[in-house]
Amino acid sequence: PVKVSGLIVYNFSAQNMAANEAASAGILNGNAKLLPSPAYSDDLRKAGAVGTVTVEILVDEKGKVVSASAISGDERLRAISEDAARKAEFEPTLF
């Protein structure tokens, strides 16, 4: 197994999503064994915090996320997206 870096993308929409639900797409999302949704609170939704947050992650040889850093998106959504990405789990990647 090897370390892998890639992206997780979370999409937030006040009209289309229930609390704690996120649509996702990205390089590593399809390999996730566990991909938690960010804690999208009613306060954030009411404040108009919407859009896409891209989180750059590093996954270790065992499939655990060892670092997560939001590289784009609404500042108000970045921390919750990073927290969710850190809890993701992946299958080990073999080359």
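Shown above is the structure to which this text applies.
Quick caveat: nothing in here was measured; it's all calculated off a predicted structure.

*Asks:* Talk me through the packing of aromatic side chains; I want residue IDs and the actual numbers.
*Replies:* In this description, a pair of aromatic rings is defined by centroid distance and the angle of the planes. Tallying each qualifying case throughout the model produces one aromatic pair. Between Phe12 and Tyr40, the aromatic rings sit 4.8 Å apart at their centres with planes inclined by 65°, giving edge-to-face as the arrangement. Taken together, the positions of Phe12 in strand E1 (residues 4-12) and Tyr40 in the loop between strand E3 (32-34) and helix H1 (42-46) put the pair 28 residues apart, joining distant regions of the chain. Judged by relative accessible area, which is 0%, Tyr40 ranks as buried.

*Asks:* Summarise the environment of Glu91; cite the residues concerned and give the values.
*Replies:* In this structure, Glu91 sits in the segment after strand E6 (89-90). Considered as a pair, Glu91 and Lys62 are 29 residues apart in the sequence and their alpha carbons are 7.4 Å apart. Setting aside residues up to four positions removed in sequence, Glu91 forms contacts with Asn31 and Lys33.

The rules behind each value
Residues numbered from 1 in each chain as written. Predicted model: local features only at pLDDT ≥ 70, side-chain atom pairs only at ≥ 80, totals over all residues. Heavy atoms only, no water. Phe/Tyr/Trp six-rings, centres within 6.5 Å; stacked < 30°, edge-to-face > 60°. Helix = DSSP H or I, 4+ residues; strand = E, 2+ residues; numbered from the N terminus. Buried < 20%, exposed > 50% of the residue type's maximum accessible area, 1.4 Å probe, protein only. Contact = heavy atoms within 4.5 Å.

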